[in-house]
Amino acid sequence: MRIRMLGAAALVAAATMISLPTLSAEEDKPKFTTKQIMKEAFKGPLLKKVAAGGSKEDAKKLHEMLVALAANEPKKGSEESWKKLTGALVAAAEGVVEGKDGSAAALKKAANCKACHNSHK
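This text gives an overview of the structure that appears in the document. Sequence order as written defines residue numbering, which begins from 1 separately in each chain. In keeping with the predicted nature of the model, local features appear solely for residues at pLDDT of at least 70, side-chain atom pairs appear and are counted solely at 80 or more, and the whole-chain, interface and lining totals rest on all residues. Calculation of side-chain values draws on the structure's entire complement of heavy atoms; hydrogens and water are dropped beforehand.

## What to know about the pattern of salt bridges
Under the convention used in this document: The salt bridge definition used is simple: a Lys or Arg side-chain nitrogen within 4 Å of an Asp or Glu carboxyl oxygen. Helix and strand assignments come from DSSP, with helices taken as H or I runs of at least 4 residues and strands as E runs of at least 2, each series counted from the N terminus. The buried label applies to any residue whose accessible area, calculated with a 1.4 Å probe on protein chains only, is under 20% of its type's maximum; exposed applies above 50%, and partly exposed to all values in between.
Applying the stated criterion across every chain, the model contains five salt bridges. With a shortest N-O distance of 3.0 Å, Glu64 and Lys31 are connected by a salt bridge. Here Glu64, found in helix H4 (residues 56-71), pairs with Lys31, found in the loop between helix H1 (2-28) and helix H2 (34-43); they are 33 residues apart in sequence, far enough to count as distant. Assessed through its relative accessible area of 59%, Lys31 is described here as exposed. Its salt-bridge partner being Glu98, residue Lys100 comes within 3.3 Å of it at the nearest N-O pair. For Glu98, a relative accessible area of 46% translates into the label partly exposed.

## Brief notes about the nonpolar core
Under the convention used in this document: Throughout this description, the term nonpolar core refers to a set of buried Ala, Val, Leu, Ile, Met, Phe, Trp, Tyr and Cys residues connected via side-chain atoms within 4.5 Å. By definition, residues are in contact when any of their heavy atoms lie within 4.5 Å.
The biggest cluster of nonpolar side chains holds 27 residues, and the ones touching the most others in it are Ile37, Phe42, Leu62, Leu66, Leu69, Leu89 and Leu107. Elements with a minimum of two residues in this core: H2, helix H3 (46-51), H4, helix H5 (79-98) and helix H6 (103-110). Residues in contact with Leu69, not counting those within four places in the same chain, are Thr34, Ile37, Met38, Phe42, Trp82, Thr86 and Leu89.

## Section: a positive patch on the surface
Put simply, the rule is: Exposure above 30% relative accessible area and the absence of a salt bridge qualify a residue for a patch, where like charges join within 9 Å and nonpolar side chains (Val, Leu, Ile, Met, Phe, Trp, Tyr) within 5 Å. All accessible areas in this document rest on Shrake-Rupley with a 1.4 Å probe, and a residue is counted as covered only by the protein chains that are shown. Residues counted as positive are Lys and Arg, residues counted as negative are Asp and Glu, and His and the chain ends are not counted. The atom standing in for a charge is NZ when the residue is Lys, CZ when it is Arg, CG when it is Asp and CD when it is Glu.
Positive charge collects at one region of the surface, where Lys35, Lys39, Lys43, Lys75 and Lys121 lie side by side. Topologically, Lys75 is positioned in the loop between H4 and H5. We classify Lys75 as exposed; its relative accessible area is 76%.

Now the structure itself:
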């Protein structure tokens, strides 16, 4: 009986140890997928609204989505190019959130779909 209890306890401990890396990997995933971001921010109205002077809440949501986009991996193309293109989007969106002059224009410029899609889609 005692050996069974020890064996069961060992199995539970082993299962817990194995599942911990899985849990932390899930936590490290970006909040939004690239597909979700493309649908809501780029094809949807969010980016256009923010670039045209939309609400602070919209700007914060866009920034959050673009941070997730930068954390996602590209379908193809170099990681360096992906970081450069998404980094420009994140920086411009951050400028909009902070109310910096010229940040809306920078956001429009950084949101060049063709430049990103040519390399990464």
